[in-house]
Amino acid sequence: MAKSSEDLHSSSTLDMDNQSRTQAQVPVSRIDELTPQLDLADLLLHYLSLLQIDFVFGIPGGAIEPMYNALARSERQAGPRAIIARHETGAVFMADGYASRTGKLGVCCATTGPGTTNLITGVASAYANQIPLLIITAQTPLSSFGKGAFQESSCTGINTVAMFEYCTRYNTLISHPEQFERKLAAALMKAFASPPGPVHLSIPLDVFRSPAPIRNEIFDIKRLLHKKSLLDREDLDALFKELQPGKNTVFVIGEGASEAIGAILTTAHMLDAILLTTPHGKGLISPYHPQFRGVVGFAGHQNAVNSLRNEQLENIVCIGTALSEWASNGWDSELLLNPRLIHIDEQEANFTYTPMAKLHIRGRILTIFEQLYKKLTQSHGVPHLPHPEPSTRERHFMLDNEAAFMDTSKPIKPQRLMHDLAELFPPHTRYLADTGASFAWAIHYLHPYDRRMVGNRDARGGLFRACLEFASMGWAIGCAVGVALAAPAQPVVCITGDGSMLMSGQELTVAVQHGLPVIFVVLNDSALGMVKQGQKLSHAEAIGTALPQVDFAAMAAAMGAANYRIETSEDLHKLPIEQICRRKGPTLLDVYIDVDEVAPIGARIKQLSRVDKPANQGDDGEASDQPKELK
């Protein structure tokens, strides 16, 4: 039952009395660090401050009110502040973007009942993509469990803790204030463990309002989360023996290589190794690097496939990747999953996908490559490095449709759109591609001019990212907001489809509210494009893909965002790009694309077609816009 204002006042007075009785037990430094109104929510915000978390993403509600009270006090003290999403799933996507851009913990919260269940798609996405998030959800008071309370989500209602069991690394109900710090510490350690991912604390309203337990000690969260530089010397010696100059070697770089990308590129140059990325690792390497031959896997490039088919190839070094379906070209044993493979990763769990590898090297990838390069230089000397800023934009791989990439006809071709985006926006722009045809077009055809070639640098997620494992539609829209909040001076381009925009376009108003320079590029074809094209390629029934014609520019205008209707390449080149990038607020480009162009999704269609195929009927692993049987 809801409390009256008189009851709330009495409860607040009682809480303050409890605090006054316990403050004498608190060390002076602890009192200085925490707010005068010390309840469990304040203690949580204190720990987030210790981790230098800037934002908590979510939507307020009755049962989560203590969290937002603490956030209000935190904001007044320049601590973490609240960012209010329009839907709880969008809040998780924003936390995902913030975490990926900063390397910090992403934090989001929701009230009980539907507020909590609305988080699940975003949490599942973060789980599949190994994003460290802290999820805080509310419960009705403990005393109301089993009584049919409004929005009850306890074990006797709609059991939300049980719902999170299979998409979190740690998942628990806080039933008493004394549990809180220990469970929080355990959750945070799990969030950054191997593999990382989301963790969930569910806190009843009365527990959240409780005075925080006072101790002389406090958990040293920073120390507990300190990342150790693990390295096995025997493994390093074995790796050094295999990777020698003169051997024919290919590096396949995944998203887990982000921290170490500078050391990896320097080592690859010394070994004269061919460079490829998985779709997840795209953006970690300049597309114009002289040793780069493209993306292998979903929407990948034929030159990448050819590099792996080379009969003289001795080593395939896969770095920081689980080699899932889309990273491994549909688990292709001819190309990747074979005895030439050397798998280097920080996560032992990823080695379960590569039992055939001749070497499994586990440890911190940065340390491994720093030490490997040191051994190579001691043995072979220091090579002459290329100039880090090449004077020309020469690609060393081909696109499936080079003609469409350069075609300026009307309506604008998606291939040409990717060409123009890379040409028009500054080199440090970050691109996020949404699920559907959007990320297929972007993986294959979007090649920003990244001047960074060699040397030590932290690429922190690279200049390109897509949600490739759980593949949630609308992910890029919320994620772009989180990325822009993390680095507001850097342009962020969200490439999304009209289907995703109709699902999650309301998050555009968050960018408006906070003055974020996000550019939302909507591929408008009045269809669920990837589904429509997939049905056509696989000879399935054409059903359920048509969308109404929507004027997204007008929608953006109604939300308070700058907007442009784009029908041709010329329209794009007329845009005031510098002004758009400096604008204190988002811009939406409503791009009417050629509906007849087919995205490079052939590998995905081919994989789906294998479901009913006899075991002895093989495939050639070919990268193509069409599956083999449709050629």
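Residues numbered from 1 in each chain as written. Predicted model: local features only at pLDDT ≥ 70, side-chain atom pairs only at ≥ 80, totals over all residues. Heavy atoms only, no water.

J.: Looking at this model, I keep getting lost on the pattern of salt bridges. Mind explaining?
T.: Between side chains of opposite charge, a pair can form when the charged atoms approach closely. One pass over the structure, following the stated rule, counts 20 salt bridges. A salt bridge links Asp 39 to Arg 73; the shortest N-O distance between them is 3.7 Å. With a gap of 34 residues between them, Asp 39 in the loop between α2 (28-33) and α3 (40-50) and Arg 73 in helix α4 (residues 65-76) connect regions that are remote in the sequence. Using a relative accessible area of 12% as the deciding quantity, one classes Asp 39 as buried. Taking the shortest distance from any N to any O, the salt bridge between Lys 413 and Glu 597 comes out at 3.0 Å. Placement of Lys 413 in the loop between α16 (402-406) and α17 (414-424) and of Glu 597 in the loop between β18 (587-592) and α26 (602-609) is noted, with a sequence separation of 184 residues between them. For the pair formed by Lys 413 and Glu 597, the shared burial category is buried. Each of Asp 39, Asp 42 and Arg 73 takes part in salt bridges that share partners, so that together they form one network. (Salt bridge = Lys/Arg side-chain N within 4 Å of Asp/Glu carboxyl O. Helix = DSSP H or I, 4+ residues; strand = E, 2+ residues; numbered from the N terminus. Buried < 20%, exposed > 50% of the residue type's maximum accessible area, 1.4 Å probe, protein only.)

J.: Can you help me understand the sheet that holds strand β11 (residues 341-345) in this one?
T.: Consider a sheet: its strands pair through backbone hydrogen bonds, and that pairing is either parallel or antiparallel. With parallel pairing, six strands are arranged side by side in an open sheet as β9-β8-β7-β10-β11-β12. Both edges of this open sheet fall to β9 (292-295) and β12 (359-362), since each of them pairs with a single strand only. The average undirected angle you get between the axes of adjacent strands in this sheet is 20°. Where strand β8 (residues 274-277) and β9 come together, two bridges link them in parallel fashion. Within β9, the position partnered with Leu 275 by the bridge is Phe 292. Most of the contacts of helix α13 (residues 261-271) go to strand β7 (residues 249-253), to which it runs at about 165°, and overall it touches β7, β8 and β10 (315-319). (Pairing = 2+ DSSP bridges. Axes fitted to C-alpha atoms, helices over the stretch in contact; angles between N-to-C directions. Contact = heavy atoms within 4.5 Å.)

J.: Which parts of the structure should I look at to understand the sheet that holds strand β16 (residues 518-524)?
T.: With parallel pairing, six strands are arranged side by side in an open sheet as β14-β13-β15-β16-β18-β17. Taken across any chain shown, the strands that pair with only one partner, and hence form the sheet edges, are β14 (464-466) and β17 (562-566). Pairwise comparison of adjacent strand axes, ignoring direction, gives a mean angle of 15° for this sheet. Bridge count between strand β13 (residues 430-433) and strand β15 (residues 492-497): four bridges; the pairing is parallel. Each residue of the ladder has a partner; that of Tyr 431, found in β15, is Val 493.

J.: Teacher, can you tell me more about the nonpolar core here?
T.: Where a protein is soluble and globular, its nonpolar side chains tend to be buried together. Within the largest apolar cluster, 78 residues are counted, with the highest numbers of intra-cluster contacts made by Phe 251, Ile 253, Phe 369 and Leu 417. Leaving out residues up to four positions away in the same chain, Phe 251 has contacts with Leu 243, Ile 264, Ala 268, Leu 271, Ala 273, Ile 274, Leu 275, Leu 276, Val 317, Ile 319 and Phe 369. Judged by nonpolar contacts, the second largest core, of 49 residues, contains Ala 95, Cys 467, Cys 494 and Ala 561. (Core = buried A, V, L, I, M, F, W, Y, C linked by side-chain atoms within 4.5 Å.)

J.: What should I look at first to understand the packing of α3 against helix α9 (residues 180-191) in this one?
T.: Helix packing for two helices is described by the angle between their axes and how far apart those axes are. α9 packs onto α3 with a crossing angle of 35° between their chain directions and a minimal axis gap of 11 Å. Regarding α3 and α9, the two cross each other, and that crossing is right-handed. In this structure, α3 contributes Leu 40, Leu 43, Leu 44 and Tyr 47 to the contact, and α9 contributes Phe 180, Glu 181 and Leu 184. Of the residues belonging to the contact of α3 with α9, the class tally is six nonpolar, no polar and one charged. (Left-handed = near helix turned anticlockwise from the far one by under 90°. Nonpolar A, V, L, I, M, F, W, Y, C, P; charged D, E, K, R; others polar.)

J.: Which parts of the structure should I look at to understand unusual backbone geometry?
T.: Most peptide bonds take the trans form, and the phi angle of most residues other than glycine is negative. Here the bond from Ser 194 into Pro 195 is cis, since omega is -5°, no more than 30 degrees from zero. With respect to the helices and strands, Pro 195 occurs in the loop between α9 and β6 (198-204). With omega at 0°, the peptide bond leading from Lys 410 into Pro 411 counts as cis. Relative to the helices and strands, Pro 411 is located in the loop between α16 and α17. Residue Trp 331 is not a glycine yet carries a positive backbone phi of 55°. Phi angles above zero are rare outside glycine, and Ala 471 is one such case at about 55°. Position of Ala 471 among the secondary structure elements: in the loop between β14 and α19 (475-486).

J.: Sorry if this is basic, but what is going on with the state of the cysteines here?
T.: Such a bond, covalent and formed between the sulfur atoms of two cysteines, is termed a disulfide. Counted under the stated rule, the structure contains zero disulfides. Considering cysteine sulfurs only, Cys 109 is the nearest to Cys 108, which forms no disulfide, with 7.3 Å between them. The exposure class assigned to Cys 108 is buried, which follows from its relative accessible area of 0%. (Disulfide = S-S within 2.5 Å.)

J.: Sorry, what's going on with the confidence of the model for the protein chain here?
T.: In low-pLDDT segments, the atomic positions of the prediction should not be examined closely. Counting all residues, the mean pLDDT for the protein chain is 87, and 86% of those residues have values of 70 or more. In this model, residues 1-35 is a region of pLDDT below 50 whose contacts with residues beyond four sequence positions or in other chains number 32 contacts. A low-confidence stretch, residues 453-458 stays under pLDDT 50, and its non-local contacts, those more than four residues away or across chains, total 26 contacts. (pLDDT = per-residue confidence, 0-100.)

J.: Even after reading the chapter, I still don't get the packing of α13 against helix α15 (residues 365-380), so can you show me in this structure?
T.: Across the interface, α13 lies against α15 with an axial gap of 9 Å and an inter-helix angle of 30°. What the angle tells us is that α13 and α15 run roughly parallel. In the packing of α13 onto α15, the handedness of the crossing is left-handed. Between α13 and α15, the residues in contact are Ala 263, Ile 264, Thr 266, Thr 267, Met 270 and Leu 271 and Ile 365, Leu 366, Phe 369, Glu 370, Leu 372, Tyr 373, Leu 376 and Thr 377, respectively. Here the residues of the contact of α13 with α15 sort into ten nonpolar, three polar and one charged. (Parallel < 35°, antiparallel > 145°, perpendicular 65-115°, else oblique.)

J.: How do you make sense of helix α5 (residues 88-102) when you look at a structure like this?
T.: Each α-helix turn comprises 3.6 residues. Residues three or four places apart therefore point the same way. Taking 1.5 Å per residue as the helical rise, α5 with its 15 residues ought to reach 21 Å, and the 21 Å between its terminal C-alpha atoms agrees with that figure. With 14 of its 15 residues buried, α5 lies for the most part within the structure. One or two positions beyond α5, positive phi appears at Gly 103, with a value near 80°. (Expected span 1.5 Å × (residues − 1).)

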